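Here is what each chain is made of, one letter per residue.
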Amino acid sequence: MIFKKLSNAMIISKLQDNYELQANLFSFVIHFGLFIFMLVSIQWQMKDVYYSEIELWDAMPMQIKSQPVANKKKSADLKKSIPKPIEKQKRLKINEEAEIKLKKRKEKKAKIKKIQKQALKQEKLEQLQKKLLEQEKLEQLQKKLLEQEKLEGIQKKILEQDKLDKLKESILDQEIKKEARIAIEGDQEVFAGSNTGELDKFKAMIQQKIYQNVNKQLCGGDLVELEFEIQLMPTGELLGEPKLIQSSKIESCDQALERAILQSQPLPVPKDVKLFSRLKKLKLMFQPNAYTE
Amino acid sequence: MKQSLLATMLMSSIIAGCSSTDLKESMGLNAPFPELTSQTAQLTPAAMDELASNPLLTERSIYFGFNKYDIKSEYSDMLAAHAEFISKYNVAVSINGNADFRGSHEYNLSLGQKRSVAVGDSLNSLGIGNNNVETVSYGEENANQECTGSACDQDRRADIVYVGE
Amino acid sequence: MKIIQNYIYRFIFLLTLITSSFPSNSIEVIEILGGKASQIPIAITPFNEEIKNIDLEKMHKVIANDLERSGLFTSLDTSGISTIPDSDMLINFSNWSALQAQFLVVGKIITIQNKLTTRWSLIDIYKEKTVLSMEFSGSKKQYRAIAHKISDLVYKKLTGSPGVFHTRITFVKKKSEKIYGLYVSDYDGFNQRAIVNSSQPIISPRWSPDGKKIAYVSFEKKKPVIYVQDLTTGKRVLVANFKGNNSAPAWSPDSKKLAIVLTYSANSQIYIINSDGSGIKQLMRTRSINTEPAWSPDGKEIFFSSDRGGNPQIYKVNVEGVSDVNRVTFEGKGNLSPSLSPDGKLLLFLTQDNGKFRVAVQNLSTNQVLKLTKGPHDESPIFSPNGHMILFTYKDYGKTTKIGTVSVNGLKVTPLRVGSEAILESSWGPITNN
């Protein structure tokens, strides 16, 4: 019992805050209800109790010899009246005992109810615990998958560094598309907590979407580099204008890339607040003429 | 006055046998075509008769493979005949080189020229000096612009044309 | 005092709570490598005009054709739009954005007697603002010229490069076996007029960089000789008539000299001569063909074709000083007709590929070759003065030679409408500042 209570406590501490609040509220409600119930129920029982006054005589009445007949009558009356207080006392005692018994029964009932409710609570908690465990398992699996893919990706890159630039380009393109495809096809529910796999997914999606709109024809033939800073809203739209940090020195190129960013709205952003906050401000680095064709 | 002076200067430099690498700055604008006729004799009626009657002399064209300028042995007799004729009458001859239409106009002009020079060299080796021979090219300008396959073969040729014909 | 202290501590505690919940300072970085060779979608709406008796191509069409020909723009079909704006007021940006237009050109033409006043604007749909807004006036005759000027300004604004839509070209037409003409026209083939008529072929027309003269080779003297004709006076000078062939004139970048090819010494060799025909100097001499000279834009090198290696390939040599000859092209069975882009970075030439002659460009730093046309008989490639388009002649098997342009990215091939006669060769005139 105690162990269970302890474990319950541990579980409760693991849960999110509102569950604790709920429990406290629930407990309060139960106790209050019980209290009211107690008041109401005692009053009801009091009606059945025979309530009488007790007269206690200090001395016996003086007997008159001359009146033996009268004395006999009086003693009879006395005899009759004396058993009343005794019964009353007994009854009171019984009543008290009954009261106490009732009280105890009530308390027991309350306790049982409390225990039942706690048991229910516990069931619910256990269910939640199960769900959490399942979720954690899923998260771990996903993490493992992403890590595996990353490893494969890294291995591929090392192998292909020996090949010509043309091959490098096509393979890089393929990898980005793959990641983007997985991100789109896979479960997009964001789980709580920091998950770098999720973050990379969204970064890849943003990169792919903007890449589709980059018109490199306006950037001359040299390997120019550009850098923009953007701020995002949870809708994926930009907050304000893209800020040019590093220019390509070619005005039409700067403008074309700014257009590419604007055209890509709304950018794919996570729904989870924590994850989104890491993508609220972004640095976009462009090399439009990389991998000349 | 100036023109004849120029002509004399030009001819004297040619007569002196100056190698073609020495084009002097003082030459300025050059003499009109043809420059060599004063060195050679005109075509006489007798010569014209011979040209018409000799079957080898009526052969005037040498044909070449694609992008080629080497003269095939089948033309040796014909060239020998012409060499003899030129030497006999001391006439001037123009070798006109041609190419088929494929490729650029300018490169074909050069290719035609190479063919004409090849024929000129052959005549040289048969004892005919450069005084009697002018090599010229028309490139693809006389070629059939719409030929396909072997129909284009006839455009790859050098023609022997006697000055005054 | 203690109360104040209490509050201060509370405040500090709160502050640390708040600041500790801030994310770390590092901003996420996304690298985007490469890009697409795409075209800017631009909508050019019909101009609001009330011009009568003009069966000309409409101004918006001229502009759309100009921009499309360059290969950097794609003009959107605006025929389905009910209300066409004629100024930059009251533009429904979301409508144009929905059509995928990034830019919009609108205009209005007012005719007063014989004078046209064109008011037009270039509008950025994404930024929802007017980029250019101008007014031009001209005679009815200048209708197309005004359209080309608008194209130039839009082009310059959006690509950073000068437009060539106001420039002119020259080309040789063969009207029949005995009728040849050297023509000059707008860059798109309109408004053509003959400047030379001859019964013999004309080849290798070349427009001087200063725009004043055209050099060309004529066979009218029964052999190729070189003339230089003044475009304003129409007068011409015979600059080269040496023994043998005189051909392949190539202007130096300062328009003062010509590189020419003479067969004075038997085979074709390259010489340099003043543009008036004086002061001849031999560049080099070998036993092989050396022809088709082309100057680098800095005037220091001459590229040429030669068969010294067996097949014709392209080489380059210094004009002054050291006469090191370096081979430039290595791919294909033969490479001919070299010329340089205005920035000197690209070599334009003809490549012989599986029996087909195709127009190609080679990046002179990376040596990568891009074939721009498919052949089989493409010839006479020449750059536009901004290096973005190439003029060339082409024909299918057994058909008439035609003339067209290809964008330097190879994406857009557009014919020129100059008539049905065969075209021999062509050249592009320079950018002029009017």
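In this report, we go over the structure that sits alongside the text. (Residues numbered from 1 in each chain as written. Chains lettered and ligands numbered in written order. Predicted model: local features only at pLDDT ≥ 70, side-chain atom pairs only at ≥ 80, totals over all residues. Heavy atoms only, no water.)

## Focus on the interface of chain B and chain C
Part 1 of the argument: Contacts between the two partners involve 42 residues from chain B and, on the opposite side, 55 residues from chain C.
Part 2 of the argument: Where chain B meets chain C, there are one salt bridge.
Part 3 of the argument: Two residues, C:D307 and B:K114, come together in a salt bridge whose shortest N-O distance is 2.7 Å.
Part 4 of the argument: Linking chain B to chain C there are 12 residue pairs in polar contact (both at pLDDT 80 or more). (Contact = heavy atoms within 4.5 Å. Salt bridge = Lys/Arg side-chain N within 4 Å of Asp/Glu carboxyl O. Polar contact = N/O pair within 3.5 Å; in protein donor to acceptor, adjacent residues only side chain to side chain.)

## Digging into the sheet that holds strand β15 (residues 246-251) of chain C
Residues and elements named next belong to chain C.
Part 1 of the argument: Strand order in the open sheet made by the four strands is β15-β16-β17-β18, with antiparallel pairing throughout. Because the sheet does not close on itself, it has two edges, and the strands there are β15 and β18 (281-282).
Part 2 of the argument: The sheet contact formed by strand β17 (residues 269-274) and β18 spans two bridges and is antiparallel. If you follow Y271 over to β18, its bridge partner there is Q282. (Pairing = 2+ DSSP bridges. Helix = DSSP H or I, 4+ residues; strand = E, 2+ residues; numbered from the N terminus.)

## Things to note about the pattern of salt bridges
Part 1 of the argument: Counted according to the given criterion, the structure contains 23 salt bridges over all chains.
Part 2 of the argument: Of the charged contacts in the structure, one is a salt bridge between B:R156 and B:D100, with a shortest N-O distance of 2.8 Å. Note that B:R156 is positioned in the loop between β3 (133-139) and β4 (157-162) and B:D100 in the loop between β2 (93-98) and α5 (105-125), a separation of 56 residues in sequence. When sorted by exposure, B:R156 lands in the same class as B:D100, which is buried.
Part 3 of the argument: Between C:E57 and C:R417 there is a salt bridge, and its shortest N-O distance comes to 3.9 Å. With C:E57 in the loop between β3 (48-49) and α2 (59-69) and C:R417 in the loop between β30 (413-415) and β31 (422-428), this residue pair connects regions lying 360 residues apart in the sequence.
Part 4 of the argument: Using a relative accessible area of 22% as the deciding quantity, one classes C:E57 as partly exposed.
Part 5 of the argument: C:R417 sits in the exposed class, given a relative accessible area of 58%.
Part 6 of the argument: A cluster of three or more residues bridged by salt bridges with shared partners is formed by B:D100, B:R102, B:D153 and B:R156. (Buried < 20%, exposed > 50% of the residue type's maximum accessible area, 1.4 Å probe, protein only.)

## Some words on a nonpolar patch on the surface
All names here are of chain A.
Part 1 of the argument: A contiguous nonpolar patch, built from F28, V29, F32, F35, I36, M38, L39 and V40 and spanning about 770 Å² of accessible area, is present on the exposed surface.
Part 2 of the argument: Looking at the element boundaries, M38 is found in helix α2 (residues 17-46).
Part 3 of the argument: Here M38 falls in the partly exposed class, since its relative accessible area comes to 30%. (Patch = residues over 30% accessible without salt bridge, like charges linked within 9 Å, V, L, I, M, F, W, Y side chains within 5 Å. Areas by Shrake-Rupley, 256 points an atom, 1.4 Å probe, with all protein chains shown as cover.)

## Remarks on the nonpolar core
Residues and elements named next belong to chain C.
Part 1 of the argument: The biggest cluster of nonpolar side chains holds 43 residues, and the ones touching the most others in it are I42, M59, L67, W120, L122, I150 and V154.
Part 2 of the argument: Discounting residues that sit within four places of it in the chain, L122 has contacts with I42, F103, L104, V105, T130, V131, L132, V154, K157 and L158.
Part 3 of the argument: Y180, V184, L258 and I260 belong to the second largest nonpolar core, which has 34 residues in total. (Core = buried A, V, L, I, M, F, W, Y, C linked by side-chain atoms within 4.5 Å.)

## Remarks on the pairing of β4(B)
Residues and elements named next belong to chain B.
Part 1 of the argument: Taken across its six residues, β4 has five buried, putting it largely inside the fold.
Part 2 of the argument: Where strand β1 (residues 61-63) lies against β4, three bridges are found, and the strand directions are antiparallel. By the bridge assignment, Y63 is partnered in β4 with R157.
Part 3 of the argument: Bridge count for β2 against β4 is five bridges, and the pairing is antiparallel. Its bridge partner lying in β4, V93 is registered against Y162.

## Concerning the packing of aromatic side chains
Residue and element names in this part refer to chain C.
Part 1 of the argument: Counted according to the given criterion, the structure contains 15 aromatic pairs over all chains.
Part 2 of the argument: Centroid distance F165 to Y187: 5.6 Å. Interplanar angle 65 degrees. Geometry classified as edge-to-face. With F165 in the loop between α4 (143-159) and β8 (168-176) and Y187 in the loop between β9 (179-186) and β10 (193-198), this residue pair connects regions lying 22 residues apart in the sequence. This pair shows no difference in class: F165 is buried, exactly as Y187 is.
Part 3 of the argument: Through pairs of rings, three or more aromatic residues link up here, namely F73, Y155, F165, Y187 and W428.
Part 4 of the argument: For the cation-ring pair, R236 lies above Y227, with the distance from its terminal atom to the ring centre recorded as 3.7 Å. (Phe/Tyr/Trp six-rings, centres within 6.5 Å; stacked < 30°, edge-to-face > 60°. Lys NZ or Arg CZ within 6 Å of the ring centre and 35° of its normal.)

## So, the interface of chain A and chain C
Part 1 of the argument: Facing 37 residues of chain A, the contacting portion of chain C comprises 28 residues.
Part 2 of the argument: A buried area of about 3,100 Å², summed over both sides, lies between chain A and chain C, and 54% of it is on carbon and sulfur atoms.
Part 3 of the argument: Area buried by chain A at its contact with chain C is led by A:Y211, A:Q217 and A:R259, which between them contribute 21% of it.
Part 4 of the argument: A salt bridge links C:E28 to A:R278; the shortest N-O distance between them is 3.3 Å.
Part 5 of the argument: Taken together, the connections running from chain A to chain C amount to 22 residue pairs in polar contact (both at pLDDT 80 or more).
Part 6 of the argument: Counting residues per element, the ones that place at least two in the side of chain A that touches chain C are α5 (165-185), α6 (196-211), α7 (251-263), α8 (273-279) and β3 (281-287) of chain A.
Part 7 of the argument: Element by element, the count of residues in the side of chain A that touches chain C is highest for β3(A), at seven residues.
Part 8 of the argument: The class makeup of the residues in the side of chain A that touches chain C is 16 nonpolar, nine polar and 12 charged.
Part 9 of the argument: Summarising the sheet, β3(A) and strand β1 (residues 28-33) of chain C pair through six bridges and their orientation is parallel. (Buried area = accessible area lost by both parts, 1.4 Å probe. Nonpolar A, V, L, I, M, F, W, Y, C, P; charged D, E, K, R; others polar.)

## Describing the state of the cysteines
All names here are of chain A.
Part 1 of the argument: Enumeration over the complete set of coordinates arrives at two disulfides over all chains.
Part 2 of the argument: Put simply, C219 and C253 are joined by a disulfide, and their sulfur atoms are 1.9 Å apart. Its S-S torsion of about 85 degrees marks the bond between C219 and C253 as right-handed, since a negative value means left-handed. Taken together, the positions of C219 in the loop between α6 and β1 (226-231) and C253 in helix α7 put the pair 34 residues apart, joining distant regions of the chain. (Disulfide = S-S within 2.5 Å.)

## Digging into α2(C)
Residues and elements named next belong to chain C.
Part 1 of the argument: Among the 11 residues in α2, nine count as buried, and that is most of the element.
Part 2 of the argument: Residues of α2 that are buried: M59, H60, V62, I63, A64, D66, L67, E68 and R69.
Part 3 of the argument: Positive phi shows up at G71, right after α2, with a value of about 85 degrees.

## Structural notes on unusual backbone geometry
For residues that are not glycine, phi is negative in most cases, and the peptide bond is trans in most cases.
Part 1 of the argument: Cis geometry is found at the peptide bond from A:Q265 to A:P266, where omega equals -5 degrees.
Part 2 of the argument: Looking at the element boundaries, A:P266 is found in the loop between α7 and α8.
Part 3 of the argument: For the peptide bond that leads from C:G375 to C:P376, omega is 10 degrees, which places it in the cis range.
Part 4 of the argument: When you line up the elements, C:P376 lands in the loop between β26 (369-371) and β27 (379-383).
Part 5 of the argument: Non-glycine residue C:Q100 carries a positive phi angle of around 75 degrees.
Part 6 of the argument: Phi angles above zero are rare outside glycine, and C:S337 is one such case at about 55 degrees.
Part 7 of the argument: Along the chain, C:S337 turns up in strand β23 (residues 334-340).
Part 8 of the argument: For C:S337, a relative accessible area of 11% corresponds to the buried category.

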